[in-house]
2 protein chains.
Amino acid sequence: MTDRILEFLRNRREDGPCLVLDLDVVRENYMSFSRAMPDTRVFYAVKANPDPNVLELLAGLGSCFDTASVVEIEQVLASGASADRISFGNTIKKERDILRAYQLGVRLFAVDCEAEVEKIARAAPGSRVFCRLLCDGAGAEWPLSRKFGCDPEMAPRVLEHAHRLGLTAFGLSFHVGSQQRNPGMWDGALKTAATIFRDLAERGIVLQMVNLGGGFPTRYLKNVPAVKAYAQSITRSLHKHFGNQIPETIIEPGRGMVGNAGVIEAEVVLISKKADADKVKWVYLDIGKFNGLAETMDEMIRYPIRTAFDGDSTEPCVLAGPSCDSVDVLYEKEPYFLPVSLEIGSKVLIEGTGAYTTTYSSVGFNGFPPLKSYVI
Amino acid sequence: MTDRILEFLRNRREDGPCLVLDLDVVRENYMSFSRAMPDTRVFYAVKANPDPNVLELLAGLGSCFDTASVVEIEQVLASGASADRISFGNTIKKERDILRAYQLGVRLFAVDCEAEVEKIARAAPGSRVFCRLLCDGAGAEWPLSRKFGCDPEMAPRVLEHAHRLGLTAFGLSFHVGSQQRNPGMWDGALKTAATIFRDLAERGIVLQMVNLGGGFPTRYLKNVPAVKAYAQSITRSLHKHFGNQIPETIIEPGRGMVGNAGVIEAEVVLISKKADADKVKWVYLDIGKFNGLAETMDEMIRYPIRTAFDGDSTEPCVLAGPSCDSVDVLYEKEPYFLPVSLEIGSKVLIEGTGAYTTTYSSVGFNGFPPLKSYVI
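Source: prediction; values computed, not measured.

Student: Please provide a residue-by-residue account of the packing of aromatic side chains, values included.
Tutor: Scanning all chains against the criterion turns up 27 aromatic pairs over all chains. Ring plane angle 20 degrees and centroid distance 4.2 Å describe the contact between Y360 of chain A and F365 of chain B, whose orientation is recorded as stacked. Pair noted here: Y360 of chain A is in the loop between β17 (347–351) and β18 (372–375) and F365 of chain B is in the loop between β17 (347–351) and β18 (372–375), and the two residues belong to different chains. Both residues of the pair, Y360 of chain A and F365 of chain B, count as buried. Members of the aromatic cluster, connected to one another through ring pairs, are F33, W186, F216 and Y230 of chain A. The ring of Y102 of chain B has R107 of chain B sitting right over it, with the charged end atom 3.9 Å from the ring centre.

Here's what the structure looks like:
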């Protein structure tokens, strides 16, 4: 929460929930990453928030960009960054999208299997590829499935295949899980990566880069370690496993870059009880899972909520969205404590919502419009 | 799947997944409901698919409409239906939205607590209200939470409050859970409803209507009973519990009206294995949870998938979407059997996707556009 955001909201008159994102905070976050990891290039994960103002700011600061699709590549190019600062980091790409990316100048691609290597060899000849490793994601608040990456046993073969097809076997990537609260989690993956570097070097293939992924957390209700703690832990692991042959490194912060820069203002639509004996109240907001708060899925991300009544006594509430969909409930298994004095029509501020909110919005589920966004 | 849809897809040239919806099937579904339940008014649940062509067809056939928001009310009015055919069925409404609905001519509102009754009394004086009852949703493939409705013990007080404030205490509603496969599930709720009718009649308040809700299933992989079976079971229960004082009834089919009218065409983007020893393949489509298939959440809805290789031997596959989001996996806990001969670039047809697909699409998560839709 910043004074600029509060000032903006004081003057806002439109109806409906909105996100307000403060670019000063994004700038500070970028500088924290750069300062804490001066030898590491930052590839902002565009999917976290592709707002043109965010992309232009980061392009101006010298950031590189991790993209998931051709549309995101075009958005980055429109922000003023050149194609050599873009990674097409999605391991699942149509061959014609690889071709379009190549035509736009992109030369860095993620893979996790031989079939994807073959597409890139055909559509983007001579490009650099990095192979994503499966990582178990322990310690992350939003753990990853096995969807991305291959078993470390398989990775050397994938990269050898790339080398054989005329691509540059450039490096490895992994992702320790989103909102990763344990800086030590990078150590195991770096140990594995170093082993693969040595294996391939023995076969004449010299990898150059380790993509440390994202996972850097933003502060929701619990405190999280500072970027510096992550940097120190990662540097220690790099020296331990790579000795004096430290590879080039990149990071892909998304949530860590924009999460704490945004605040959503929402309104209480209804407060009710389901039965006289119920111990919890139901509080319904005008925002829910389908117009911005998709990351409350399985109650994984627990956002801090501020009200004008903070400090009053609180009571347990089930928090739900406004749609006619029974899954549109934000917090129920673990009720959320809100002030007793909260009323229908009260505004609430949902903090830490700069990442993964606007773009998860549905086009118009139940007729509710997508989340409005103001970047200031 | 209809010949008209197949014909349309044969001539389609654009890239990307799309939904094709056959209005002939919607018409047949409407006629089945009307024929099977001639004394019941049909309120189509607009949220299932608010395409203007669907709304115009149903308006022309004489359907009424269940709406979740002012935007949906405006969509229905634009289709040619008059305001007296509209129910504002969301129990969670801003008072200024109730006022707008009232100004547009809507006079029928859902409630489930006294606070909502008070809003309606202020913003839509003299309107009819029906009180939604909590229902446990057993037997449904998409069971409902406690989000909507109040305990049956509380309902008479809510309706008395409406009566006291000058509203017409019009009736009761309940919802037995979406994709409800047991026609007998309406019986318990009707028994409860009849008790409340008698209670209130003793206090001088004569309710007139029972809203039987939605829940009528569409056929996915398992067979479901025909509409007729639901109609017979419900009629039997009405006679059993209401004797010769059968109230006016309405139903709110959404999925049951449009689900089987639509087919999504998608493309296989990648097929891979995560490790040599893995028994399941990963098959990635160009559609996933964030651009149309949100109802695969928790693997609840299992769509039938057709390929050009049907009949070949099959193998277990994890099915996933194209986004850089690890939760964008459609079927993993229970793998999906697909032909061994399926290839990267193959088209697949996902059936039963006419409801709850286009509107759940995100505005552009990962840069992927919302699901395209063609109504033929």
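Student: Let's hear about the relation of the copies chain A and chain B: which residues, and what values?
Tutor: The transform that puts chain A on chain B rotates by 180 degrees and translates by 0.0 Å along the axis, for an RMSD of 0.0 Å. These values place the two chain copies in the arrangement generated by a two-fold rotation axis. The C-alpha atom lying nearest the rotation axis in chain A is that of S362 of chain A; the distance is 2.0 Å. A high fraction, 100%, of the interface residues of chain A reappear at the interface in chain B, so the copies pair face to face through one surface.

Student: Outline the interface of chain A and chain B, supporting the account with residue identities and numerical values.
Tutor: Counting residues at the interface gives 74 residues for chain A and 74 residues for chain B. Buried area between chain A and chain B, both sides added, is near 5,700 Å², and the carbon and sulfur share of it is 59%. Together, K147, K274 and C324 of chain A form the three largest contributors to the area buried by chain A at its contact with chain B, with a combined 12%. Across the contact surface, chain A and chain B share 18 salt bridges. Put simply, K147 of chain B and D328 of chain A hold a salt bridge, and the shortest N to O gap is 3.6 Å. Taken together, the connections running from chain A to chain B amount to 42 residue pairs in polar contact (both at pLDDT 80 or more). At the level of secondary structure, the elements contributing two or more residues to the side of chain A that touches chain B comprise α4 (70–78), α6 (114–123), β12 (262–272), β13 (281–285) and β16 (329–339) of chain A. Ranked by the residues each element gives to the side of chain A that touches chain B, the list is headed by β12 of chain A, at five residues.

Student: Describe in detail the nonpolar core, supporting the description with residues and values.
Tutor: Core analysis: the biggest nonpolar cluster contains 80 residues, and Y44, L172, F174 and W186 of chain A have the highest contact counts within it. The element best represented in this core is helix α8 (residues 185–202) of chain A, accounting for nine residues. If we ignore the near neighbours within four places in the chain, the residues touching F174 of chain A are L133, C135, W186, A189, L190, V210, N211, L212 and G213 of chain A. Counting residues in hydrophobic clusters, the runner-up holds 79 residues, among them V26, V117, A123 and M185 of chain B.

Student: Help me get a handle on the UniProt feature "active site" (unreviewed entry) in chain A, residues and values and all.
Tutor: Here the UniProt-annotated "active site" (unreviewed entry) positions come out as C324 of chain A. Residue placement: C324 of chain A occurs in the loop between β15 (314–320) and β16. For C324 of chain A, a relative accessible area of 16% gives the class buried. Those residues within four positions of C324 of chain A in sequence are excluded, and the remaining contacts are N366 of chain A together with K47, A68, G89, N90 and F148 of chain B.

Student: Describe unusual backbone geometry, and please don't skip the residues or the numbers.
Tutor: A positive phi is found at Y356 of chain A, a non-glycine position, where the angle reads about 55 degrees. Here Y356 of chain A lies in the loop between β17 and β18. Looking at Y356 of chain A, the relative accessible area reads 9%, which means it is buried. The backbone phi angle of D298 of chain B is positive, close to 55 degrees, even though this residue is not glycine. Within the fold, D298 of chain B resides in the loop between β13 (281–285) and β14 (305–307).

Student: Describe the domain arrangement of chain A, listing the residues and the values that go with them.
Tutor: Residues and elements named next belong to chain A. Split by domain assignment, chain A resolves into domain 1 (23–258) and domain 2 (260–375). Look at where the C-alpha atoms of domain 1 and domain 2 centre, and you get two points 33 Å apart. Listed per partner, the contact involves 18 residues of domain 1 and 20 residues of domain 2. Taking both sides of the interface into account, the surface hidden between domain 1 and domain 2 amounts to around 1,800 Å²; carbon and sulfur atoms contribute 60%. Inspection of the domain 1/domain 2 interface yields one salt bridge. One salt bridge in this structure joins R255 and E295, with 2.6 Å as the shortest N-O distance. Along the contact surface separating domain 1 from domain 2 lie six residue pairs in polar contact (both at pLDDT 80 or more).

Student: Residue-level account of helix α9 (residues 227–242) of chain A, with values.
Tutor: Residues and elements named next belong to chain A. Compared with the 22 Å implied by 1.5 Å per residue over 16 residues, the 22 Å span of α9 between its first and last C-alpha is a close match. Of all the residues in α9, the buried ones are Y230, A231, S233, I234, S237, L238, H241 and F242. Contact partners of the buried residues in α9: α2 (23–36), β9 (178–180), α8, β10 (209–211) and β11 (248–251). G243 sits one or two residues past α9 and shows a positive phi near 60 degrees.

Student: Account for the UniProt feature "modified residue: N6-(pyridoxal phosphate)lysine" (unreviewed entry) in chain A, with residues named and values stated.
Tutor: Residue and element names in this part refer to chain A. When the UniProt feature table is mapped to this numbering, "modified residue: N6-(pyridoxal phosphate)lysine" (unreviewed entry) covers K47. For K47, the position within the fold is in the loop between β2 (40–45) and α3 (52–61). Residue K47 is classed as buried on the basis of its relative accessible area of 12%.

Student: Summarise the pairing of β15 of chain A; cite the residues concerned and give the values.
Tutor: All names here are of chain A. A large share of β15 lies buried, amounting to five of its seven residues. For β13 and β15, the ladder comprises four bridges, and the chain directions are parallel. Directly across from Y284, in β15, lies its bridge partner A320. Where β15 lies against β16, six bridges are found, and the strand directions are antiparallel.

Student: Would you mind going over the pattern of salt bridges in detail, with residue names and values included?
Tutor: The tally for this structure, following the rule as stated, stands at 56 salt bridges over all chains. In this structure, E267 of chain B engages R96 of chain A in a salt bridge whose closest nitrogen and oxygen atoms are separated by 2.6 Å. Taken together, the residues span two chains, with E267 of chain B in strand β12 (residues 262–272) and R96 of chain A in helix α5 (residues 95–103). Judged by relative accessible area, R96 of chain A falls into the partly exposed class, the value being 37%.

Calculation criteria
- Residues numbered from 1 in each chain as written.
- Chains lettered and ligands numbered in written order.
- Predicted model: local features only at pLDDT ≥ 70, side-chain atom pairs only at ≥ 80, totals over all residues.
- Heavy atoms only, no water.
- Phe/Tyr/Trp six-rings, centres within 6.5 Å; stacked < 30°, edge-to-face > 60°.
- Helix = DSSP H or I, 4+ residues; strand = E, 2+ residues; numbered from the N terminus.
- Buried < 20%, exposed > 50% of the residue type's maximum accessible area, 1.4 Å probe, protein only.
- Lys NZ or Arg CZ within 6 Å of the ring centre and 35° of its normal.
- Least-squares fit on C-alpha atoms with pLDDT ≥ 70 in both.
- Contact = heavy atoms within 4.5 Å.
- Buried area = accessible area lost by both parts, 1.4 Å probe.
- Salt bridge = Lys/Arg side-chain N within 4 Å of Asp/Glu carboxyl O.
- Polar contact = N/O pair within 3.5 Å; in protein donor to acceptor, adjacent residues only side chain to side chain.
- Core = buried A, V, L, I, M, F, W, Y, C linked by side-chain atoms within 4.5 Å.
- UniProt positions renumbered as here; feature names shortened; annotations may be inferred.
- Domains from an automatic or database assignment.
- Expected span 1.5 Å × (residues − 1).
- Pairing = 2+ DSSP bridges.

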